[in-house]
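In case you want the letters, here they are:
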Amino acid sequence: MKLEVKQIYKSFEQKEILHGISLEVESGKALGLLGRNGAGKTTTIRILMDVFHADKGEILLDGKRFKPEKSKIGYLPEERGLYPKRTVLDQMIFFARLRGMNKEEAKKSALKWLERLQIGEYASKKLETLSKGNQQKVQLATTLVCHPDIVILDEPFSGLDPVNSQMLKEIVHELISDNKIVIFSSHQMSYVEEFCDQIAIINHGEIVLSGDLKDIKKEYGKNRLILSAENYTLDKLQEKLKEELADYVQIKEQKKDFLVLKLSSNQTRKQLLDRLGKADIEIERFGTYEPSLNDIFVAKVGE
């Protein structure tokens, strides 16, 4: 399957919120949908879910108009949407039946997911009696109870401790391996980097960067190097480079353990290495700089 969002526009009270959003994702792949608070991520997701109607644009599934009511979609919202005073199992069955399952298969699937997430003992408990982390696991189980083909996860790791986070990571990897379409939205960039082949960054209602994450990292790291020295602290190394190698490199950033440098356009790595040796800089680390997704995100939307 291939899901395409094409040139989506949306206004509320005559204020345009989305300005031509376009993105796509295929089965067996995860798309990281990123943006600052208020950038338009949730509005885009709600249009995809047919909660809101777009003013302009279209959404296609395998080249045909996407009809959410005819597709199996699992949506985990950032804000919890379950009923605190109802028992866990009853409301999971309720939501599964809303998505077309009969009572028997809904109960079977619900119990399976509760056991998979190690919360089967709470099936007959009211949701409000559970811890925040276990409530999040119930919400995830409810998202997956209908065996969805399209899974939308908005801040799924919220409230989870490291052990439960690892469990959720395994489930997300399983969904991708099972050829599901996964749309993953989170401010925790390490998770996005782990799961997502593609990213789309929204800023002020527009896509400001999208594409293959590996290619994007390669482009952002172009002509950038990392350097640390055994005989200089990073502060002293910066001074040394500015004094003696300003024609070779620019200092772009200081990380915890190394400097990020940009090689001058008329210089090569070999020339830089030779010059570092002549400057009596004993190299500890030297190599290509690969920016983190967090670095790229801040570069695109930081203000």
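Placed above this text is the structure.
Residues numbered from 1 in each chain as written. Predicted model: local features only at pLDDT ≥ 70, side-chain atom pairs only at ≥ 80, totals over all residues. Heavy atoms only, no water.

Our next topic: the packing of helix 7 (residues 213–220) against helix 10 (residues 293–301). In contact at an axis separation of 11 Å, helix 7 and helix 10 are set at 70° when each is read in the N-to-C sense. Comparing their axes, helix 10 and helix 7 come out roughly perpendicular. Here L213, I216, K217 and Y220 of helix 7 lie close against helix 10, whose contacting residues are L293, I296, A299 and K300. Partitioning the contact of helix 7 with helix 10 into residue classes produces six nonpolar, no polar and two charged. (Axes fitted to C-alpha atoms, helices over the stretch in contact; angles between N-to-C directions. Helix = DSSP H or I, 4+ residues; strand = E, 2+ residues; numbered from the N terminus. Parallel < 35°, antiparallel > 145°, perpendicular 65-115°, else oblique. Contact = heavy atoms within 4.5 Å. Nonpolar A, V, L, I, M, F, W, Y, C, P; charged D, E, K, R; others polar.)

Counting across every chain of the model gives one cavity of 30 Å³ or more. For the largest cavity, the calculated volume is near 40 Å³. In terms of lining residues, the largest cavity is bounded by V5, L23, L31, L33, T44, I45, L48 and I183. Among the secondary structure elements, those contributing two or more residues to the lining of the largest cavity are strand 3 (29–35) and helix 1 (41–48). In terms of residues, the lining of the largest cavity owes the most to one element, helix 1, which gives three residues. Its residues assigned to classes, the lining of the largest cavity shows seven nonpolar, one polar and no charged. (1 Å grid on protein atoms, 1.4 Å probe; cavity = no way out; pocket = protein on both sides within 12 Å on 5 of 7 lines; lining within 4 Å. Points joined across faces, edges and corners; volume = space filled by probe spheres on them.)

A few words now on the sheet that holds strand 10 (residues 206–212). Taken in spatial order, the six strands line up as 6-7-8-3-9-10 in an open sheet, and their pairing is mixed. Each of the sheet's edge strands pairs with one partner strand only, and the pair in question is strand 6 (73–76) and strand 10. Ignoring strand direction, the axes of neighbouring strands in this sheet form an average angle of 15°. Sheet analysis places strand 3 next to strand 9 (residues 198–203), joined by five bridges and oriented parallel. Within the sheet, the bridge partner assigned to L31 lies in strand 9 and is Q198. Along the sheet face, helix 4 (residues 132–144) touches strand 6 and strand 7 (150–154) and points at about 165° away from the line of strand 6. Here helix 7 sits on the sheet in contact with strand 9 and strand 10, set at roughly 100° to strand 10. (Pairing = 2+ DSSP bridges.)

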